[in-house]
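# Geometric and topological summary
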Amino acid sequence: MACVGERNRRMQAVILKVRDTGAGNSLVTMLSEEGGIISSLLYGGPKSKLRSLVQPFNSGNVWLYEDKAKESSKITDFEVSSAHMRLKASLYKIWAASLAAEIVLKTHAAGEPKDAFILLSAFLDGIDASDENGARLGTVRFLWRYLGLLGVQPQVADCIPKFRLDKDASAYLEAMNSMKPGEVRKLMLEAPSVQQLKDMTFSLIAEAAGGRLSTMEMGFSIL
């Protein structure tokens, strides 16, 4: 029988970060729609089946055992719904996913965990299914929409002169604000326009996150 302050619960979550704490155990940070950003302990060595499932960018149902009195929790099970295997086979996609995870963590899910969960999940699913060029545009879309979630997305008309956007890049920005996501994904852009949008969104998100994103700095040549 569980003591007062102890409970088991299940939630949908995306694994953001797994950090080794020694003795074969890990501290897992995840984003859930209902609980926001949660850190929980994962017990078990490298041969543990559960440890093999709880990996960055995997998403699915996670079961937690929580002890409110000790302000701690541990993962007791994880049912993976998407392992994003194609994402993990691409160096660019791994860095892009890591950047998105760092942004979510640094901004505390923009204070909107439900919307952040939906946006991040769609981004991971999208780049998993895309080729690298599609993933690069997917990263631009994620950053632009996350700026909106943070409440700091600028007006398109202001971006055009400030970031010297060409006609195609500015039209793509307008499309992201006015068209359904599925329709925007079908739009294509030439490499120079993609680069302009990348430079713009990277600059804006770094400023919104406090000016320094380690993933962006370390993976600059890849991203």
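Structure first, text after, so check above.
Quick summary incoming for the structure in this document.

Within the chain, the secondary structure is distributed over 10 helices and five strands. Relative to the globule expectation of 17 Å for 223 residues, the C-alpha radius of gyration of the chain, 19 Å, shows essentially globular dimensions. Overall size of the chain, expressed as C-alpha extent along the three principal axes, is 65 × 30 × 30 Å. Counting every position in the chain, which comprises 223 residues, the buried fraction comes to 44%. The contacts of the chain with a sequence gap of at least 6 include a subset with a gap of at least 24, amounting to 63%.

So, about the nonpolar core. Ranked by size, the top nonpolar core spans 52 residues in total, and within it Leu120, Trp144, Tyr146, Leu173, Leu197 and Met200 carry the most contacts. Counting only elements with at least two residues in this core, the list comes to β1 (6-22), α3 (91-106), α4 (113-129), α5 (132-150), α6 (156-162), α7 (167-178) and α9 (191-208). Looking at this core, the element that brings in the most residues is α5, giving nine residues. Not counting residues up to four positions away in its chain, the partners in contact with leucine 197 are Val140, Leu165, Ala169, Tyr172, Leu173 and Leu189.

Mapped onto the elements of the fold, glutamate 207 is located in helix α9. Classification of glutamate 207 as exposed rests on a relative accessible area of 58%. With 55 residues separating them in the primary sequence, glutamate 207 and valine 152 have C-alpha atoms 10.0 Å apart.

With 16 residues, α3 ought to run about 22 Å at 1.5 Å a step, and its terminal C-alpha atoms sit 22 Å apart, in line with that. Along α3, the residues that are buried comprise Tyr92, Lys93, Ala96, Ala97, Leu99, Ala100, Ala101, Glu102, Ile103 and Val104.

Within a regular beta strand, the side chains point alternately toward one face of the sheet and then the other, so they alternate between its two faces. Two strands pair when backbone bridges link them, and strand β2 (residues 25-32) and strand β3 (residues 36-42) are joined in this way by seven bridges, in the antiparallel orientation. Its bridge partner being in β3, methionine 30 is matched across the sheet by isoleucine 38. In textbook terms, the turn of a hairpin is the stretch between consecutive antiparallel strands, and for β2 and β3 this stretch comprises three residues.

Considering the arrangement of structural elements, one finds glutamate 102 in helix α3. Despite being buried, glutamate 102 has no salt bridge partner; lysine 106 is the closest side chain of opposite charge, sitting 5.1 Å away. When sequence neighbours within four positions are dropped, the list of residues in contact with glutamate 102 reads Leu213, Ser214, Thr215 and Met216.

Following the criterion strictly, the structure yields six salt bridges and no others. Residue arginine 7 is joined to glutamate 66 by a salt bridge in which the shortest nitrogen-to-oxygen separation is 3.0 Å. Note that arginine 7 is positioned in strand β1 and glutamate 66 in strand β4 (residues 59-67), a separation of 59 residues in sequence. Here arginine 7 falls in the partly exposed class, since its relative accessible area comes to 38%.

What counts and how
Residues numbered from 1 in each chain as written. Predicted model: local features only at pLDDT ≥ 70, side-chain atom pairs only at ≥ 80, totals over all residues. Heavy atoms only, no water. Helix = DSSP H or I, 4+ residues; strand = E, 2+ residues; numbered from the N terminus. Rg over C-alpha atoms; globule rule 2.2 N^0.38 Å. Buried < 20%, exposed > 50% of the residue type's maximum accessible area, 1.4 Å probe, protein only. Contact = heavy atoms within 4.5 Å. Core = buried A, V, L, I, M, F, W, Y, C linked by side-chain atoms within 4.5 Å. Expected span 1.5 Å × (residues − 1). Pairing = 2+ DSSP bridges. Lys, Arg positive; Asp, Glu negative; His and termini not counted. Salt bridge = Lys/Arg side-chain N within 4 Å of Asp/Glu carboxyl O.

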